[in-house]
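Coordinates in review
Here is what each chain is made of, one letter per residue.
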Amino acid sequence: MNIGDNNALIVDAMAILQALKGKWKTFGEFADSIFHYLVKLARECKANRLDFVADRKEKCLLITSGTTQTEHVSTREVPQLECDHEEADTRLLLHYKAAALSHQRIIIKSPDTDVFVLFIAMQKTIGKELLMTTGTGNKFRLIDISSILNVLDEELCACLPGFHGFSGCDSTSAFLGKGKVKPWKALQMNPRFMEIFSQLGRSAEVSDELVVSLGTFVCLLYGEHVLMSADTSFLSQASIPTMFFLQIVTAFGNTLKEQTFKHSRGIGAY
């Protein structure tokens, strides 16, 4: 794939830690290795902007090299890129939004599925061409996020963060024995749940009605087919297994509220 010139490169710090191999005697040697790797990566990606994004809540610094040999490297704070997010997953979105102001093509370096899902959901909101690199050596892949969006339904893309967070991600557990395939098939067979999963993240509050709808989805995963009708309430139809799973989803509610809001709308506060 021809990636062109003058790209912006945004690097998940975890991707660097996974790619680097070596034995360093001092922290200085380790820092030098990271720096040289980043420079090499920027050249390969033909990038004239490089954002290095880590999990910690540190100040964001802009480092600019001099235009001549006599000019020193300058450093200044960039408060617009500071936030209180704990993980780099959603911080990457903020840097993507900022880079889109000056670059037509942005390349993300990250091994994280959470990041992949978030960028699929948010690419059309920001609008600039987006590529994602992951893996090393024979497992290296360059993924064109923009092309994926041309294939997937827009409603499906919008529901992916909520679906991913609910069915199991870095910070939420998956349902026992179901993995990702069974929930994904259930979603495809029941497209009405796309709108339900899209609601996760619109607000920090999860309504009782939404919890009941999610409970219905959980029951489908375990073979309990429950349908709602206009003249009969859900609870009056619910069998004992259904009620049991509703209790599980309700107990899961506090974690659901926090994690799906973070994963679905990491960029919404900016």
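Thresholds applied
- Residues numbered from 1 in each chain as written.
- Predicted model: local features only at pLDDT ≥ 70, side-chain atom pairs only at ≥ 80, totals over all residues.
- Heavy atoms only, no water.
- Phe/Tyr/Trp six-rings, centres within 6.5 Å; stacked < 30°, edge-to-face > 60°.
- Helix = DSSP H or I, 4+ residues; strand = E, 2+ residues; numbered from the N terminus.
- Buried < 20%, exposed > 50% of the residue type's maximum accessible area, 1.4 Å probe, protein only.
- Contact = heavy atoms within 4.5 Å.
- Lys, Arg positive; Asp, Glu negative; His and termini not counted.
- Salt bridge = Lys/Arg side-chain N within 4 Å of Asp/Glu carboxyl O.
- Pairing = 2+ DSSP bridges.
- Axes fitted to C-alpha atoms, helices over the stretch in contact; angles between N-to-C directions.
- Core = buried A, V, L, I, M, F, W, Y, C linked by side-chain atoms within 4.5 Å.
- Disulfide = S-S within 2.5 Å.

**Some points on the packing of aromatic side chains**
Tallying each qualifying case throughout the model produces eight aromatic pairs. Aromatic side chains Phe 197 and Phe 217 sit 5.0 Å apart centroid to centroid with 90° between the ring planes, which places their arrangement in the edge-to-face category. With Phe 197 in helix H8 (residues 193–199) and Phe 217 in helix H9 (residues 208–221), this residue pair connects regions lying 20 residues apart in the sequence. The residues Phe 197 and Phe 217 share a single accessibility class, namely buried. Members of the aromatic cluster, joined through ring pairs, are Phe 163, Phe 166, Trp 184, Phe 193, Phe 197 and Phe 217.

**So, the side chain of His 95**
Among the secondary structure elements, His 95 is positioned in helix H3 (residues 88–99). Here His 95 is in contact with Ile 10, Arg 49, Asp 51, Val 53, Cys 60 and Leu 81, once residues within four sequence places are set aside.

**Some thoughts on the side chain of Lys 109**
Inspection of the secondary structure puts Lys 109 in strand S5 (residues 105–109). For the buried Lys 109, which has no salt bridge, the nearest side chain bearing the opposite charge is Glu 44, at an N-O separation of 7.7 Å. Those residues in contact with Lys 109 that lie beyond four places of it in its chain are Leu 9, Ile 10, Val 11, Asp 12, Ala 15, Tyr 37, Leu 41, Thr 133 and Gly 135.

**Overview of the sheet that holds strand S1 (residues 7–12)**
If you walk across this open sheet you meet the five strands as S2-S1-S5-S6-S7, and the pairing is mixed. The outermost strands of the open sheet, each flanked by one partner alone, are strand S2 (47–53) and strand S7 (141–144). Looking at each pair of strands side by side, their axes are set apart by 20° on average, direction ignored. As judged from the five bridges shared by S5 and strand S6 (residues 129–134), these two strands associate in the parallel manner. The residue bridging Ile 106 from the neighbouring strand is Leu 130, located in S6. Across the face of the sheet, helix H4 (residues 113–126) comes into contact with S1, S5, S6 and S7 while running at roughly 175° to S6.

**Some thoughts on the nonpolar core**
Counting residues in each nonpolar core, the largest one holds 45 residues, and the members touching the most others are Ile 106, Leu 187, Phe 197 and Phe 217. In terms of nonpolar packing, the next biggest core, distinct from the first, is built from 14 residues, Leu 9, Val 11, Leu 20 and Leu 41 among them.

**Looking at the state of the cysteines**
Covalent bonding between the sulfur atoms of two cysteines defines a disulfide. This model, assessed by the stated rule, comprises zero disulfides. Counting only cysteine sulfurs, Cys 157 is the nearest neighbor of Cys 159, a cysteine outside any disulfide, at a range of 8.4 Å. Cys 159 sits in the buried class, given a relative accessible area of 0%.

**As for unusual backbone geometry**
A positive phi angle, near 55°, is found at Asn 6, a position not held by glycine. Relative to the assigned elements, Asn 6 resides in the segment before S1. With a phi close to 55°, Lys 46 is a non-glycine residue in the positive phi region. On the secondary structure map, Lys 46 appears in the loop between helix H2 (27–44) and S2.

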